[in-house]
Amino acid sequence: AFAGDYTFALYDFYASAADIDVDSDLANEVLQKNVKAMGLDEEAQQALTNEFWKYFRMYAENHTDQIRFANDNVFYESSSLDWSSPKVVTLSKYDIKWGQGGAFRDAWNAGQFELYKNDSGVQAVYGTNHLYGSGLGLHIYTFFDDWHAFAAFETANLDQPMDDNGRTFWSAVDSHEDEILIWIGGLNPETKQVYLAE
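Residues numbered from 1 in each chain as written. Predicted model: local features only at pLDDT ≥ 70, side-chain atom pairs only at ≥ 80, totals over all residues. Heavy atoms only, no water.

(A) Local environment of the sheet that holds strand β1 (residues 66–77). The five strands are arranged β1-β3-β4-β2-β5 in an open sheet whose pairing can be described as antiparallel. Looking at the sheet topology across the chains shown, the edges are occupied by β1 and β5 (173–183). Neighbour-to-neighbour, the strand axes of this sheet turn through a mean angle of 20 degrees, independent of strand direction. Bridging between strand β2 (residues 87–96) and strand β4 (residues 138–144) involves seven bridges; their strand directions are antiparallel. The partner of L91 across the bridge, within β4, is Y141. Packed onto the sheet, helix α3 (residues 101–117) meets β1, β2, β3 (122–133), β4 and β5 and runs at close to 55 degrees relative to β1. Across the sheet, helix α5 (residues 164–171) lies against β2 and β5, angled at about 100 degrees from β5, the strand it touches most. (Pairing = 2+ DSSP bridges. Helix = DSSP H or I, 4+ residues; strand = E, 2+ residues; numbered from the N terminus. Axes fitted to C-alpha atoms, helices over the stretch in contact; angles between N-to-C directions. Contact = heavy atoms within 4.5 Å.)

Encoded structure:
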């Protein structure tokens, strides 16, 4: 929605890093199965597969990939969390100075995290750490009910004087980016169907 440099962001969640390879194999098998179901001869099947990858690469031009792992210290879900409606998502990205991880974590937990957990408009907060690919060290995803909830939170917490906790927090940060996304849907874990939130 704002400050991002892409149209869509797709997030796949795996139980382990090894499952990523399994998923990739399954995706290729499904593509081959769908092509074979068209009843084409071998030459036409190969041509169609080549054409698919050609246009897929064009569609995905200027994209980046990364693999991250869940940060169990950054996790909150409201008891009223409902994935059937769209959410406004703030994505805060941080590179933390060498040796300052503990100071950053303690200051964030005592400051921003407490504000999130005590705000009725915040539905969920998740954190991830960088493993492979592009991306800053720590990403924090905060899910708000809607634009009104997001605006109310920002209005209540902007322009506050920086306290010692805030100074500790920012002194541990080497670089920082923010963006705002709209969560539009996902995969139903029970039906295995992709759905759009309404």
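(B) The arrangement of the side chain of K87 in detail. Within the secondary structure layout, K87 lies in strand β2. One polar contact links the side chain of K87 to the main-chain carbonyl oxygen of D82, over a distance of 2.4 Å. Contacts of K87, omitting those with residues within four sequence positions, involve L81, D82, Q123, F143, F144, D145, L181, I182 and W183. (Polar contact = N/O pair within 3.5 Å; in protein donor to acceptor, adjacent residues only side chain to side chain.)

(C) Broad picture of the layout of surface pockets. Approximately 810 Å³ is the volume found for the second largest pocket. What lines the second largest pocket is a set of 29 residues, and nearest its centre among them are Q112, L115, N157, F169 and W170. For the lining of the second largest pocket, the elements supplying multiple residues, two or more each, are β2, α3, α4 (147–157), α5 and β5. Residue contributions to the lining of the second largest pocket peak at seven residues, all from α3. (1 Å grid on protein atoms, 1.4 Å probe; cavity = no way out; pocket = protein on both sides within 12 Å on 5 of 7 lines; lining within 4 Å. Points joined across faces, edges and corners; volume = space filled by probe spheres on them.)

(D) Examining the pattern of salt bridges more closely. According to the stated counting rule, one finds five salt bridges in the structure shown. The shortest N-O distance in the salt bridge between R105 and D106 comes to 3.5 Å. Among the residues examined, D106 registers a relative accessible area of 45% and is labelled partly exposed. The shortest N-O distance in the salt bridge between D164 and R167 comes to 2.8 Å. Placement of the pair is D164 and R167 together in helix α5, with a separation of three residues, close to one helical turn. Given the relative accessible area of 57%, D164 is considered exposed. (Salt bridge = Lys/Arg side-chain N within 4 Å of Asp/Glu carboxyl O. Buried < 20%, exposed > 50% of the residue type's maximum accessible area, 1.4 Å probe, protein only.)

(E) Representation of the environment of Q32 in the model. With respect to the secondary-structure elements, Q32 resides in helix α1 (residues 18–36). Judged by relative accessible area, Q32 falls into the partly exposed class, the value being 47%. C-alpha separation for the pair Q32 and T49, spaced 17 residues apart in sequence, amounts to 7.9 Å.

(F) Focus on the packing of aromatic side chains. A complete count under the given rule lists 17 aromatic pairs for this structure. Relative to W170, the ring of F169 has its centre 4.8 Å away and its plane inclined at 90 degrees; by these criteria the two rings are edge-to-face. Here the aromatic residues W108, F113, Y116, F144, W147, F150 and F153 are joined through ring pairs into a cluster of three or more. The side chain of K117 reaches across the aromatic face of F113, ending 4.4 Å from its centre. (Phe/Tyr/Trp six-rings, centres within 6.5 Å; stacked < 30°, edge-to-face > 60°. Lys NZ or Arg CZ within 6 Å of the ring centre and 35° of its normal.)

(G) Structural context of the nonpolar core. Counting residues in each nonpolar core, the largest one holds 21 residues, and the members touching the most others are F104, W108, V125 and F144. Looking at this core, the elements that each hand over two or more residues are β1, β2, α3, β3, β4, α4 and β5. The element contributing the most residues to this core is α3, with five residues. Beyond its immediate sequence surroundings of up to four residues, W108 is in contact with V74, F113, Y116, V125, I140 and F169. (Core = buried A, V, L, I, M, F, W, Y, C linked by side-chain atoms within 4.5 Å.)

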